[in-house]
Amino acid sequence: MNIHHAIAVAALALGPGIAAAQTDPLDSPRWGDMKKEFLPAAARVVFDERVRVIAPLTAENALNVPVSVDASALPDVKEVLVFADFNPIARIVRFEPRGARPGLGFRIKLQQSSPVRAAARTGDGSWHVGGTWVNTTGGGCTLPSTGSASPEWQKRLGEVSSRVWPKKEGGERIRLRVIHPEDTGLAAGIPAFYIQQLDLADAAGTPLMHIEGFEPLAENPVFTIDIPPARAASGYRVSGRDNNGNAITATIEK
Amino acid sequence: MSAPARALIALFALGWALLLAAADMDYGLAPEKIADDTWVLTGRSEDFSFTNGGNIVNTAFIVTQAGVLVIDSGPSRAYGEQLRRAIARITRQPVVRVINTHHHPDHFLGNQAFAPDTLAALPGTIHGIHTEGGSFNDNMYRLAGDWMAGTEPVAPIHPLAAGPLELGGHQFELIALEGHTGADLAILDRSTGVLFAGDLVFHDRAPTTPHARLPAWQASLDTLEALPFRHLVPGHGPVANDAGPIRQTRAWLGWLDRTLRQAADEGLDMTEALALPLPAEFRRLAVVDAEYRRSVGQLYPALEQQTLRTGKARE
Ligand SMILES: [Zn+2]
């Protein structure tokens, strides 16, 4: 009996709830490594359909795969980590919804077909994991950005464009794009260059969303953030920086 | 089904397809006579695959007293060679002109099978083959496998200009348009009333949009519909004897453009735009789900960017 088998049997003996938690619904051989790498060893980890990861089953353009994460069916979400098992750089983005709805829309680069997962930590310290498979012919991570080949973008580096929409069900939606090459460092001769941090606050400076970015976010990333009615504000602002220390700051006017 | 099981089945299917392909890479090309001197080879209404070897495209040839004019050369060297043999079974006239209607891979990767001196296209198409032909070819190897063996992109040397072209008693009109790509050539044979529309017109198959500019494409469809044709050869899908395929293509592009603009205006994320339902009238188009998904990926980023405003940087 190998170790995995032994663990599975032990888990079964502990009851159906725990056993279910041990079986990766996406059946990926990398899940064990992902769990070890990104989640605390002592933490309670459950696969939970309340964490929704929405992405196309097939992504023809591996450089710009749209992904939406929605953990709003869970109570008291403190942070969400998004990763792709088979990406050479697995970590994609980590966010803390500090007043915004616990969800985020963004674009990623995928090197090959992979599960894309979101692990949400709730106030009780447990991690809830949801995900979906995305099939792609790949190559997204080892290609240079179009930005890195063009001198034009440098003048616009860090430029933010955005808009605020009222939501039918109340609250507001903010979409914002940041001009940035988001180079992974895996293309020959082009160092890693990517947004590390973005903070969204209301006009008074009260935090709404903290985002930590990693290399696999797509070039010129576009984010979708929803604000609940109670936190809707007269205006918003965003601030952050990339891994070279370039500042990103902008107001988001209605 | 589990992912490893799916992967295993995919691998098995892949191996099987490769075996079949290696054993018999025969496209089974069967030219169909649609008018005097005029033959069409109709491809399958599918995506590129290891099974169809890329034969999802329509090609055609016209046998004149001064030699054969070929319109598009297919997705691979093997297709081009089999097309040449299919022509030789019908006529002893030599191929004197091979015209690529635009620079998409299934329309020019058979060029190798023909004498370089016969190859011609609009200047924009020649440029597109020079700049993108290599990556198209690499991609076709991934999508069609062994069928592509030995295929390399060959750009035509003869640039074409819009206007009349006389060949062996046939009065052709070359019509330079755009919208499906930056350079789309339609060819009207005034002698037979056959209009070869290239990929400006799809029939019972959802249009592809990797290089599309929808307003320009719509204007090109208006131009085509006004032409005096009796038979219409679309780039993909069955030959028609009326303007139905033009109207079908226009209806799809119009819906696509309106729907994606509205989605962007309403602030939808791309994943939400992907989830929008397709109207019933388009459900009968082949590969419509896959083409909608690809079109969102190709068209939505620019449309959503138009809805965003550049904010003032804080001092
Ligand atoms: Zn085309």
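Scoring rules and cut-offs
- Residues numbered from 1 in each chain as written.
- Chains lettered and ligands numbered in written order.
- Predicted model: local features only at pLDDT ≥ 70, side-chain atom pairs only at ≥ 80, totals over all residues.
- Heavy atoms only, no water.
- Phe/Tyr/Trp six-rings, centres within 6.5 Å; stacked < 30°, edge-to-face > 60°.
- Helix = DSSP H or I, 4+ residues; strand = E, 2+ residues; numbered from the N terminus.
- Buried < 20%, exposed > 50% of the residue type's maximum accessible area, 1.4 Å probe, protein only.
- Donors = N, O, S within 2.8 Å, 3.2 Å for Na, K, Ca; no water.
- Tetrahedral: all angles 85-135°; square planar, octahedral: opposite > 155°, others 65-115°.
- Pairing = 2+ DSSP bridges.
- Domains from an automatic or database assignment.
- Contact = heavy atoms within 4.5 Å.
- Buried area = accessible area lost by both parts, 1.4 Å probe.
- Salt bridge = Lys/Arg side-chain N within 4 Å of Asp/Glu carboxyl O.
- Polar contact = N/O pair within 3.5 Å; in protein donor to acceptor, adjacent residues only side chain to side chain.

The next subject is the packing of aromatic side chains. Residue and element names in this part refer to chain A. Inspection of the entire model under this criterion finds 10 aromatic pairs over all chains. With centroids separated by 4.9 Å and ring planes inclined at 55°, the aromatic side chains of tryptophan 31 and phenylalanine 47 adopt a geometry described as tilted. Residue tryptophan 31 is located in helix 3 (residues 31-38), and its partner phenylalanine 47 is located in strand 1 (residues 45-47); the two are separated by 16 residues in the primary sequence. In this pair, the class of tryptophan 31 matches that of phenylalanine 47, namely buried. Ring centres of phenylalanine 38 and phenylalanine 83 lie 5.1 Å apart, and the angle between their planes is 40°; this geometry places the pair in the tilted category.

This brings us to the coordination of the zinc ion. Residues and elements named next belong to chain B. In this structure, His102 (NE2), His104 (ND1), His180 (NE2) and Asp199 (OD) serve as the protein donors to the zinc ion, at separations of 2.1 to 2.2 Å. Geometry at the zinc ion is irregular, judged from the four donor atoms that bind it and their angles of 86 to 168° at the metal. The sequence pattern describing where the donors of the zinc ion fall on their chain is H-x1-H-x75-H-x18-D. Residue histidine 104 is located in the loop between strand 5 (95-100) and helix 3 (105-108), and its partner aspartate 199 is located in strand 11 (residues 194-202); the two are separated by 95 residues in the primary sequence. Take histidine 104: its relative accessible area is 6%, and that puts it in the buried class.

Right, let's talk about the pairing of strand 15 (residues 247-252) of chain A for a bit. Residue and element names in this part refer to chain A. Across six bridges, strand 14 (residues 236-242) lies against strand 15 in antiparallel orientation. Bridge pairing in strand 15 places glycine 240 opposite isoleucine 248. Between strand 14 and strand 15, which pair antiparallel one after the other, the connecting turn spans four residues, and glycine 245 there sits at a positive phi close to 85°.

A few words on the domain arrangement of chain A. Residue and element names in this part refer to chain A. Structurally, chain A comprises domain 1 (1-38) and domain 2 (42-252). Taken together, the contact pairs 14 residues of domain 1 with 15 residues of domain 2. Buried surface at the junction of domain 1 and domain 2, summed over both partners, amounts to about 1,200 Å²; 76% is from carbon and sulfur atoms. The interface formed by domain 1 and domain 2 includes one salt bridge. Inspection of the domain 1/domain 2 interface yields four residue pairs in polar contact (both at pLDDT 80 or more). Taken together, the elements giving at least two residues each to the side of domain 1 that touches domain 2 come down to helix 2 (16-22) and helix 3.

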